[in-house]
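# Summary of structural features
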Amino acid sequence: MQTHTLSVLVENRPGVLARISGMFSRRSYNIHSLAVGPTDDERVSRLTIVVGTDPVHLEQVIKQLNKLVHVLKIIELDPTESVQMELQMVKVSADASQRADLFALAEVFGAEVVDVDADTVTIAIAGNTARLGRLAPLLEAYGIREMVRSGTVAIARGDRSITDGSRLRLQRVV
Amino acid sequence: MQVTGAQAVMRSLEELGVEVVFGYPGGAILPAYDPLIEADLTHVLVRHEQGAVHAAEGYAHASGKVGVCIVTSGPAATNLVTGLCDALMDSVPVLAITGQVASTAIGSDAFQEADVLGITMPVTKHNELVTSVERIPGAIREAHHIASSGRPGPVLLDIPKDILNQSFEWAWPEHLDLPGYRPTVRGHGRQVRDAIDLVATAKRPVVYAGGGLVRADAGDELRELVDLLDLPVVTTLMARGIIPEDHPNALGMPGMHGHYVAIRALQEADLLVTLGARFDDRVTGDLAHFAPHAKVIHVDVDPAEIGKNRAVDVPIVGDAKVVVGQLVAVARDRGDEAVPDTAAWRDHLATVKADHPLRVQQPDTGIIKPQTAIRAVHAAFGDEAVYVAGVGQHQMWASQLVPWSRPRQWINSGGLGTMGFAVPAAIGAKVAVGRDVPVVAIDGDGCFQMTFQEIAAAVQHDIPVTFVVINNGVLGMVRQWQSLFYASRMSETTLPQAVPDLVLLAEAYGIPGFRAESVEELESVMAKAAAITDQPVIVDVRVDPDEMVFPMVPAGGSNDAVIESADEWMTMAIADVTEAATQRQRANREAGLGGADPSDDPPLIAGADTDDEFGSD
Ligand SMILES: Cc1ncc(C[n+]2csc(CCOP(=O)(O)OP(=O)(O)O)c2C)c(N)n1
Ligand SMILES: [Mg+2]
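Note that the structure is a prediction, hence the values are computed from the model and not measured.

Definitions and cut-offs
Residues numbered from 1 in each chain as written. Chains lettered and ligands numbered in written order. Predicted model: local features only at pLDDT ≥ 70, side-chain atom pairs only at ≥ 80, totals over all residues. Heavy atoms only, no water. Patch = residues over 30% accessible without salt bridge, like charges linked within 9 Å, V, L, I, M, F, W, Y side chains within 5 Å. Areas by Shrake-Rupley, 256 points an atom, 1.4 Å probe, with all protein chains shown as cover. Salt bridge = Lys/Arg side-chain N within 4 Å of Asp/Glu carboxyl O. Helix = DSSP H or I, 4+ residues; strand = E, 2+ residues; numbered from the N terminus. Pairing = 2+ DSSP bridges. Axes fitted to C-alpha atoms, helices over the stretch in contact; angles between N-to-C directions. Contact = heavy atoms within 4.5 Å. Parallel < 35°, antiparallel > 145°, perpendicular 65-115°, else oblique. Left-handed = near helix turned anticlockwise from the far one by under 90°. pLDDT = per-residue confidence, 0-100. Buried < 20%, exposed > 50% of the residue type's maximum accessible area, 1.4 Å probe, protein only. Polar contact = N/O pair within 3.5 Å; in protein donor to acceptor, adjacent residues only side chain to side chain. Buried area = accessible area lost by both parts, 1.4 Å probe. Donors = N, O, S within 2.8 Å, 3.2 Å for Na, K, Ca; no water. Expected span 1.5 Å × (residues − 1). Right-handed = clockwise from strand over helix to strand, strands pointing away. Phe/Tyr/Trp six-rings, centres within 6.5 Å; stacked < 30°, edge-to-face > 60°.

## Overview of a nonpolar patch on the surface
All names here are of chain A. Together, Val83, Met85, Val153 and Ile155 make up an exposed nonpolar region whose accessible area comes to about 320 Å². Among the elements of the structure, β5 (82–93) and β9 (153–156) are those that each provide at least two residues to the nonpolar patch. Considering the arrangement of structural elements, one finds isoleucine 155 in strand β9.

What follows is the structure, encoded as structure tokens:
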């Protein structure tokens, strides 16, 4: 199934995430990942939702999202015309003798060693899904203790932005 | 002026022009019941919170205004769920206000605490937990606006008790603060013109008119469009009456139990002018075989309905009244050019209609056929009355048989199919239409027993509704499915006709009760019931339990295979069973086995889903 990346601006209100995730589960739409955080406007949060769906259902997902009163704007970000990134942290088993290898590996991938302990090394890597996918198998050899991913965040390339021609202005109506 | 949150609730409702609230008090909402005594609002004390929300729905259905209900926290709020879901499915504007435990106690599993926001999120258009007393007027104003605009629906406000008790300086908000909510009203001009282009060249156009037209009060506009372009019209279960049944272009109801000609018209059409309808499975049957030759114009105020079930050629998002008005204006500008040549098509449909009437037979044995009962109800109460149905066979017969003459004359639960809807909804509708318009509930004996406790509210508040129970002593619609799809193995679908005795029940409520057991009595009993206009009345009509609703398209089946009568069904069933038996014998012979094994009979009808993918009615 294809995945599509949606960028969604919502009013920053309690329960808004529950409304969105509830709508997805109620209509059996498939969320691959969901990342949420504040924006430069404190009244507005921005979500990046990666959905697995065919184009017909994608239209329904967008329309059903739009029906939620707190949803302000939705755009689909084409992978070729947007920058898509995810953060992953992996903790692997490593004693002192293995550390140097892991540091070298991290450097090759532009990743960062963010924690070291007598028995473990934790590596953080940011990038697109493909890049994350290449590092993980190499780390498996050491024994992965745990890992965590943030979910994709995405932004349009070039001078376009989600606020263009937007209904975003939190203006008063009527 | 300083007011409490509770006073602010009352005052906000007054500001919005609300006149009636249906409700039931309890701990968390108690603060609001105190200023209610002075408020300029009529309160109808129901007997179960489900009754409050259905009554609010009935009020909204009948009046077009927002129906309001108010109940306490926990079990009272959860009792609203069915009605909210019903209102969501049928786009009924309802405002529900629930008390909640004190904000300081939320999350502690306090007495009568329930996660009402979470529970009602999927069954409301919108909901909100009010978190400050100052927010009350704005929340109520916005909720009322959301409930009644765009695609109408239920909105719930959950207000903690401590917030109802706090005081603040009263201020009515000047503006709505809804940046993410802006329903489209006017249709896109080019799409409107494209639609008229399609109509002009169509050979077999049909207007597929849905409940959205009723919600938008678009009856006049529809009539103009139909008359101007001479278009045949089918009206869905939710739209019955949007065009009078005696209009020469009216074809009746499409769908699972629709009129034959209406179903055929859609199947043969080359263009559907879909107005405020949503290609519900009960209309389309198997989507892949629905209206296979038709291009589709789809007008809906909810963009998500467009393209949801059926691909569309001309989508138009907008309010049905406004958009149909635009269609009329463009058509009028174009003059004769816009008018398709539908003479041959209409002639054809007239022939189909004449050849395929509803097959209703009333034998001379005296036993009342339910269809005869429905006709007698209409004969006695007439076109002025508003009719409110339950869910089941009686609902389908009422929809099929009453010659609907105006919008909002027919009120029922379509999308959710909620048994128990009729009694409270009829009470709400009667409150809306007032003394001069009779309101008749045409209910099933099963449905009636789900909510008849609300008759006490009708008696107490002097709401003279006539409750006609089409008493077949069975859960008729479910039993019909057992007859047809489960080899007549009737499982748990019998309700003793005399339990309860409905005439005695009327007596218990202190109101008149009548019973008709034979065709001879029917007319006089209905006349007696219709003569009583100042009291609720119960009429027990004992009807034939074996009658089935036809035409019928089995769930998930193609609309090309309409079964018009029980006889036709039996003929098909016998043919299928014979065919299956022959095949089985042949297979057994080939496998070297003996005769047929009667224990593994095939389902009666090949191709009909016994495991209905959509669930029973
Ligand atoms: C709340 C609810 N429960 C169950 C059903 C399933 N159901 C649909 S019609 C029906 C039978 C209704 O019986 P009755 O009210 O006697 O009407 P009839 O079909 O006999 O006219 C049932 C059980 C339903 N629609 N709603
Ligand atoms: Mg019955």
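Having seen it, we continue.
## Digging into the sheet that holds strand β1 (residues 3–11) of chain A
All names here are of chain A. Taken together, the four strands give an open sheet; going across it, the order is β2-β3-β1-β4, and neighbouring strands pair in antiparallel fashion. Unpaired on one side and paired on the other, β2 (30–38) and β4 (71–77) mark the two borders of the sheet. Taking each pair of neighbouring strands and ignoring which way they run, the sheet shows an average axis angle of 20°. Its contacts with the sheet place helix α1 (residues 16–26) against β1, β2, β3 (44–52) and β4, and it is angled at close to 15° to β3.

## What to know about the sheet that holds strand β13 (residues 314–317) of chain B
All names here are of chain B. The strand order β10-β9-β11-β12-β13 describes an open sheet built from five strands, whose pairing is parallel. Looking at which strands have only one partner, the edges of the open sheet turn out to be β10 (233–235) and β13. Strand-to-strand twist across the sheet, computed as the mean angle between neighbouring axes with direction ignored, equals 15°. Where strand β9 (residues 205–209) and strand β11 (residues 271–275) come together, five bridges link them in parallel fashion. The residue of β11 that forms the bridge with proline 205 is leucine 271.

## So, the packing of α1(A) against helix α2 (residues 55–67) of chain A
Angle between the axes and distance between the axes: these two values describe a pair of packed helices. Residues and elements named next belong to chain A. Where α1 contacts α2, the axes come no closer than 10 Å and their chain directions differ by 140°. Judged on the interaxial angle alone, α2 and α1 are oblique. Handedness of the crossing formed by α1 with α2: right-handed. Residue-level contacts link Ile20, Met23 and Phe24 of α1 to Val61, Gln64 and Leu65 of α2.

## A word on the confidence of the model for chain A
When the pLDDT values of chain A are averaged, the result is 92; 94% of them are 70 or greater. Note that residues 167–174 of chain A has pLDDT below 50 and, in this model, 29 contacts with residues that lie over four places away or in other chains.

## Side note on the side chain of Gln393(B)
Residue and element names in this part refer to chain B. Checked against the element boundaries, glutamine 393 lands in helix α17 (residues 393–401). Residue class for glutamine 393 comes out buried when judged on its relative accessible area of 4%. A polar atom in the side chain of glutamine 393 sits 3.3 Å from the side chain of asparagine 472. Only 3.0 Å separates the side chain of glutamine 393 from the backbone oxygen of glutamate 547, close enough to count as a polar contact. If near-sequence neighbours (up to four positions away) are discounted, glutamine 393 is found in contact with Asn472, Gly476, Met477, Gln480, Glu547, Met548 and Val549.

## A closer look at the interface of chain B and chain A
The interface is formed by 21 residues belonging to chain B together with 23 residues belonging to chain A. In total, about 2,000 Å² of surface goes out of reach between chain B and chain A, with carbon and sulfur atoms giving 51% of it. By the criterion of area lost to chain A, the three top residues of chain B are Pro179(B), Gly180(B) and Arg182(B), representing 28% of everything that side buries. Here chain B and chain A share one salt bridge between them. With its nearest N and O atoms 2.5 Å apart, the salt bridge here joins Asp302(B) to Lys67(A). If you look at where chain B meets chain A, you find five residue pairs in polar contact (both at pLDDT 80 or more). Those elements that place two or more of their residues in the side of chain B that touches chain A are β6 (126–129) and α7 (135–148) of chain B.

## Observations concerning the coordination of the magnesium ion (ligand 2)
For the magnesium ion (ligand 2), the protein coordination sphere consists of Asp445(B) (OD), Asn472(B) (OD1) and Val474(B) (O), at 2.0 to 2.2 Å. We classify Asn472(B) as buried; its relative accessible area is 8%.

## Some remarks on the environment of Leu327(B)
Here Leu327(B) lies in helix α14 (residues 320–334). Judged by its relative accessible area of 3%, Leu327(B) is buried.

## A short note on helix α18 (residues 422–433) of chain B
Residues and elements named next belong to chain B. For α18, built from twelve residues, the straight-helix expectation of 16 Å at 1.5 Å per residue is met to within 8% by its first-to-last C-alpha distance of 16 Å. With nine of twelve residues buried, α18 lies mostly within the body of the structure. Those residues of α18 lying buried are Ala422, Val423, Pro424, Ala425, Ala426, Ile427, Gly428, Ala429 and Lys430. Directly beyond the C-terminal end of α18, a positive phi value near 85° is found at glycine 434.

## Some remarks on the pairing of strand β19 (residues 537–542) of chain B
In the case of a regular strand, side chains alternate between the two sheet surfaces. Residue and element names in this part refer to chain B. Most of β19 sits out of view: six of its six residues are buried. Neither face of β19 is exposed, since Val537, Val539 and Val541 on one face and Ile538, Asp540 and Arg542 on the opposite face are all buried. Both strand β17 (residues 466–471) and β19 contribute to a ladder of six bridges, which runs parallel. Within the sheet, the bridge partner assigned to isoleucine 470 lies in β19 and is valine 541. Both strand β18 (residues 513–516) and β19 contribute to a ladder of four bridges, which runs parallel. Bridged to alanine 516 within β19 is valine 541. Crossover β18 to β19 through helix α23 (residues 519–531) is right-handed.

## A closer look at the environment of Pro303(B)
Of note, Pro303(B) is situated in the loop between β12 (295–300) and β13. The spatial distance from the C-alpha of Pro303(B) to the C-alpha of Glu128(B) is 24 Å, given a sequence separation of 175 residues. Among residues more than four places away in sequence, those in contact with Pro303(B) are Lys63(A) and Val317(B).

## Focus: the packing of aromatic side chains
Residue and element names in this part refer to chain B. Under the counting rule described, the total for this entry stands at eleven aromatic pairs over all chains. Seen from their ring centres, tyrosine 208 and phenylalanine 279 are 5.1 Å apart, and the 85° between their planes marks the pair as edge-to-face. You can see tyrosine 208 sitting in strand β9 and its partner phenylalanine 279 sitting in the loop between β11 and α13 (281–284), a full 71 residues away along the chain. The class of tyrosine 208 is buried, set by a relative accessible area of 1%. Ring geometry for tyrosine 387 and tryptophan 404: centres 5.9 Å apart, planes at 70°, overall edge-to-face. On the criterion of sequence distance, the pair formed by tyrosine 387 in strand β14 (residues 386–389) and tryptophan 404 in the loop between α17 and β15 (410–411) is long-range, its members being 17 residues apart.

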